[in-house]
Amino acid sequence: MKKENAYQLIEEILMKDWDPIGVNGYPKDEYRGYVSAIFNALKMGKNIKGISDLLLKIEIGSIGMNGNKERSLQVA
């Protein structure tokens, strides 16, 4: 899979399935800044737990939410 396609797929998953702030797809680029970190984690071979932990870290540290461990695990 090309990097551009992977980025687009990750961004779609973040918007549709993760979406911790509830923007439901608007604006389309709300989570774009996190795509490269997730792509790199996948490229490095992170497992589901590793991706889940990364999503949770983004939710808490970057977005300032309480974090939803169950949702992060489900999305990963």
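Scroll up to find the structure.
Here the structure is a predicted model, which is why all the values come from computation and not from measurement. (Residues numbered from 1 in each chain as written. Predicted model: local features only at pLDDT ≥ 70, side-chain atom pairs only at ≥ 80, totals over all residues. Heavy atoms only, no water.)

Okay, helix α3 (residues 48-63) next. Compared with an ideal rise of 1.5 Å per residue, which puts 16 residues at 22 Å, α3 spans 21 Å between its outermost C-alpha atoms and is within 8% of the ideal. Listed as buried for α3 are G50, I51, S52, L54, L55, L56, I58 and E59. Looking at the buried residues of α3, the elements they touch are α1 (3-18), α2 (32-43) and α4 (69-75). Trailing α3 by a residue or two, G64 shows a phi angle of about 85°, which is positive. (Helix = DSSP H or I, 4+ residues; strand = E, 2+ residues; numbered from the N terminus. Expected span 1.5 Å × (residues − 1). Buried < 20%, exposed > 50% of the residue type's maximum accessible area, 1.4 Å probe, protein only. Contact = heavy atoms within 4.5 Å.)

It is the contact of α1 with α2, at a shortest axis distance of 9 Å, that shows an interaxial angle of 115°. For α1 against α2, the interelement crossing comes out right-handed. Residue-level contacts link K3, A6, Y7, I10, E11, L14 and W18 of α1 to R32, Y34, V35, S36, I38, F39 and L42 of α2. When the residues that make up the contact of α1 with α2 are grouped by side-chain class, the tally is 10 nonpolar, 1 polar and 3 charged. (Axes fitted to C-alpha atoms, helices over the stretch in contact; angles between N-to-C directions. Left-handed = near helix turned anticlockwise from the far one by under 90°. Nonpolar A, V, L, I, M, F, W, Y, C, P; charged D, E, K, R; others polar.)

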